[in-house]
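Notes for the structure review
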Amino acid sequence: LVDFGDPKVICHPVVSTVTDMVWERVAFQSFLFGKLWFFFTLLVFVLSQSILPYLQENGADGPDAERVAIFVCRLFIYTCS
């Protein structure tokens, strides 16, 4: 449509209706899922890099559960994003 260079073709009601239908039914769901996945992986990344390592008091060795949680979060980020 862009190659024609005619603004009347782009503004035609049929083209507008078809693009709205595609966006509402197909593209919007894919776009929203992608953004939600990005936000979730961002939260896991912040949790594993900035929050969990500093839960330990005064630099003492934390319990194994904290280390395992950090490992699992980092593994998730490295493999799933």
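Report follows, based on the coordinates. (Residues numbered from 1 in each chain as written. Predicted model: local features only at pLDDT ≥ 70, side-chain atom pairs only at ≥ 80, totals over all residues. Heavy atoms only, no water.)

Quick notes on the overall build of the protein chain
Note the cut-off: Strands are runs of DSSP state E lasting at least 2 residues, helices are runs of H or I lasting at least 4, and numbering of each runs from the N terminus. The buried label applies to any residue whose accessible area, calculated with a 1.4 Å probe on protein chains only, is under 20% of its type's maximum; exposed applies above 50%, and partly exposed to all values in between.
Counting its secondary structure elements, the protein chain contains three helices and zero strands. Counted from the first residue to the last, the protein chain has its helices and strands arranged as α-α-α. Burial statistics for the protein chain: of 81 residues in total, 11% are counted as buried.

What about the packing of aromatic side chains?
Under the convention used in this document: Pairing of aromatic side chains requires ring centres within 6.5 Å, counting the rings of Phe and Tyr and the six-membered ring of Trp. Pairs whose planes differ by under 30 degrees are stacked, by over 60 edge-to-face, and all others tilted.
Under the criterion given, the structure shown has five aromatic pairs. A ring pair is formed by Trp-37 and Phe-76, whose centres lie 5.8 Å apart and whose planes are at 65°; its orientation type is edge-to-face. A residue pair is termed long-range when its members are at least 10 positions apart, and Trp-37 in helix α2 (residues 13-51) and Phe-76 in helix α3 (residues 64-80) qualify at 39 residues. Grouping aromatic residues by their ring pairs yields a cluster made of Trp-23, Phe-28 and Phe-31.

Let's talk about the nonpolar core
Worth spelling out the cut-off: The nonpolar core is taken to be a set of buried Ala, Val, Leu, Ile, Met, Phe, Trp, Tyr and Cys residues, with the residues joined through side-chain atoms within 4.5 Å. Residue contacts are counted whenever heavy atoms from the two residues lie within 4.5 Å of one another.
If you look at the biggest cluster of nonpolar residues, it comprises five residues: Val-44, Leu-52, Ile-70, Cys-73 and Ile-77. Among the elements that line this core, the one with the most residues is α3, at three residues. Ile-77 has contacts with Thr-41, Val-44 and Phe-45, leaving out every residue within four places of it along the chain.

Details of the packing of α2 against α3
Inclusion rule: Think of each axis as a best-fit line through the C-alpha atoms, taken over the contacting stretch in the case of a helix, with angles from 0 to 180 degrees between the N-to-C directions. Two helices crossing with the near one rotated counterclockwise from the far one by less than a right angle form a left-handed crossing, whereas a clockwise rotation gives a right-handed crossing.
Contact pair α2 / α3: the axes reach a minimum separation of 9 Å and the direction vectors enclose 145°. Where α2 crosses over α3, the handedness of that crossing is left-handed. Contacts between α2 and α3 pair Trp-37, Phe-40, Thr-41, Val-44, Phe-45, Leu-47, Ser-48 and Gln-49 from the former with Ile-70, Cys-73, Arg-74, Phe-76, Ile-77, Tyr-78 and Cys-80 from the latter.

Thoughts on a nonpolar patch on the surface
How we decide: For patches, a residue must show more than 30% relative accessible area and have no salt bridge; joins then use 9 Å for like charges and 5 Å for nonpolar side chains, namely Val, Leu, Ile, Met, Phe, Trp and Tyr. Only the protein chains shown count as cover for residues, and the accessible areas themselves come from Shrake-Rupley with a 1.4 Å probe. We define a salt bridge as a side-chain nitrogen of Lys or Arg found within 4 Å of a carboxyl oxygen belonging to Asp or Glu.
There is a patch of nonpolar side chains on the surface, built from Phe-38, Phe-39, Leu-42, Leu-43, Phe-45, Val-46, Leu-47, Ile-51 and Leu-55 and spanning about 800 Å² of accessible area. The residue Ile-51 is located in helix α2 in this model. By relative accessible area, which is 41% here, Ile-51 ends up partly exposed.

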